[in-house]
Amino acid sequence: MRAVCSIVTKSHLHFALVLHQSMHKYMDVSMHILIVDMETGDRFKEIPSNVQLYDLSIIRNNPTGEQIYQKYYKTSKDKFRWSSKPVFMMELLTTNIDSLLYLDSDLYFFKDPSFLFDLLDRNNILLSPHFRCNDPSKDYRDYGRNNTHGLYNGGFVGARKNGIPALKWWADACEKVCEKNRKFGYYVDQSHLNLLPILFEEMGIIKHKGCNVANWNRITCPRSVSNGEVILDDKDPLIFIHFTGDTVNGILNGEDPLLLPYLQEYEENIREAEPDFRFSEQLPFCRKWIKF
């Protein structure tokens, strides 16, 4: 069985549900959501039948997960969430799930993503490169972030059952180190991903530049328009966007203008669950959506 998963707080559950909705338009896939602050007696409205919610017991029942809980939960909820990704994935893969994509809740799909599962069928782990600047003469600082922010994005990681040993290694590494430290090249959970293709076999790397589109790949994945849709690097159609704060700000301030219609669609879907939601009330031009 193919499935996707995400980790959120209760306040961000609607983002994960919108993410699932964007995938469900193209394929029937179940979603598994860990809510790190869910308490006994919590009730949630309008949860689709193919969405399952989990509390912290799924993490704490795993020995490494319990160590992560003890180390980070009371001191840094962010570090706890980041470090819990591989544990949550491991636990789900011990069930009837064969292939699993971990997705940050601020992703949104605009085209059929089923080919990503096809890639995962041929690999134990599937990684998404940041595609940051690869020429220091173009952007010296962004080129350097290849070394300080990780080559792969921790907001998208795929695994199948044979990838559990790699997930276990990742979880153990996160338990030891989950911090931002440029001197040593640590960037929370995702800098550890650099080593996976070296340490383990059958590691897949997504080369499709329409995946995980974000502010960090504006230089290496230039945007253009063909037949009314955005194309990346003159060849790859846009599949999904990672709407981080920096990505949204870049779209709204005009750095990434061709993504404005996609942000509009994303916001409109979020507002179905949260009617008062706005990405920006300060920037008046954000309502002047580009039309192809």
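Up top you'll find the structure we're talking about.
Residues numbered from 1 in each chain as written. Predicted model: local features only at pLDDT ≥ 70, side-chain atom pairs only at ≥ 80, totals over all residues. Heavy atoms only, no water.

Caption draft 1: Spatial organisation of the nonpolar core. In this structure, Leu34, Phe80, Phe88, Met89 and Ile125 are the most contacted members of the largest nonpolar core, which totals 38 residues. Contributions of two or more residues to this core are made by strand E1 (2-8), helix H2 (57-60), helix H3 (63-72), helix H4 (77-93), strand E4 (99-103), strand E6 (125-129), strand E7 (152-160) and helix H7 (164-176). Top contributing element to this core by residue count: H4, with 7 residues. Once residues lying within four places of it in the same chain are set aside, the contact partners of Phe88 are Cys5, Ser6, Ile7, His32, Ile33, Leu34, Tyr54, Ile58 and Ile59. Among the nonpolar cores identified, the runner-up in size contains 26 residues, and Leu13, Ile33, Phe156 and Ile239 belong to it. (Core = buried A, V, L, I, M, F, W, Y, C linked by side-chain atoms within 4.5 Å. Buried < 20%, exposed > 50% of the residue type's maximum accessible area, 1.4 Å probe, protein only. Helix = DSSP H or I, 4+ residues; strand = E, 2+ residues; numbered from the N terminus. Contact = heavy atoms within 4.5 Å.)

Caption draft 2: Structural detail: the sheet that holds strand E12 (residues 229-232). Ordered by their spatial adjacency, 3 strands build an open sheet running E11-E12-E13, and the pairing between neighbours is antiparallel. Here the strands that pair on one side only, and so sit at the sheet edges, are strand E11 (223-226) and strand E13 (236-237). Bridge count between E12 and E13: 2 bridges; the pairing is antiparallel. Residue pairing in the sheet places Ile231 in a bridge with Pro237 of E13. (Pairing = 2+ DSSP bridges.)

Caption draft 3: Spatial organisation of the pairing of E1. Counting buried positions over the 7 residues of E1 gives 6, a clear majority of the element. Where E1 and E4 come together, 4 bridges link them in parallel fashion. For Arg2, the partnering residue across the bridge sits in E4 and is Ser99. Pairing analysis gives 6 bridges linking E1 to strand E2 (residues 30-35), with the strands arranged parallel. Within the sheet, the bridge partner assigned to Ile7 lies in E2 and is Leu34. One crossover worth recording links E1 to the parallel E2 by way of helix H1 (residues 13-24), and it is right-handed. (Right-handed = clockwise from strand over helix to strand, strands pointing away.)

Caption draft 4: Expanded view of the pattern of salt bridges. Inspection of the entire model under this criterion finds 17 salt bridges. When the shortest N-O distance is used, the salt bridge between Lys25 and Glu265 registers 3.4 Å. On the criterion of sequence distance, the pair formed by Lys25 in the loop between H1 and E2 and Glu265 in helix H10 (residues 260-273) is long-range, its members being 240 residues apart. By relative accessible area, which is 45% here, Lys25 ends up partly exposed. (Salt bridge = Lys/Arg side-chain N within 4 Å of Asp/Glu carboxyl O.)

Caption draft 5: Focus on the layout of surface pockets. Considered as a void within the structure, the largest pocket measures approximately 1,100 Å³ in volume. As for the largest pocket, its lining consists of 43 residues, of which Asp104, Asp106, His242, Thr244 and Gly245 are closest to the centre. Sorting the residues of the lining of the largest pocket by element identifies E1, H4, helix H6 (140-148), E7 and helix H9 (245-252) as the ones contributing at least two each. Computed from the structure, the second largest pocket encloses a volume of approximately 470 Å³. Around the second largest pocket, the lining comprises 19 residues; the ones closest to its centre are His14, Leu17, Lys45, Glu46 and Ala273. Counting residues per element, the ones that place at least two in the lining of the second largest pocket are H1 and H10. The element contributing the most residues to the lining of the second largest pocket is H1, with 7 residues. Of the residues in the lining of the second largest pocket, the class split is 7 nonpolar, 7 polar and 5 charged. (1 Å grid on protein atoms, 1.4 Å probe; cavity = no way out; pocket = protein on both sides within 12 Å on 5 of 7 lines; lining within 4 Å. Points joined across faces, edges and corners; volume = space filled by probe spheres on them. Nonpolar A, V, L, I, M, F, W, Y, C, P; charged D, E, K, R; others polar.)

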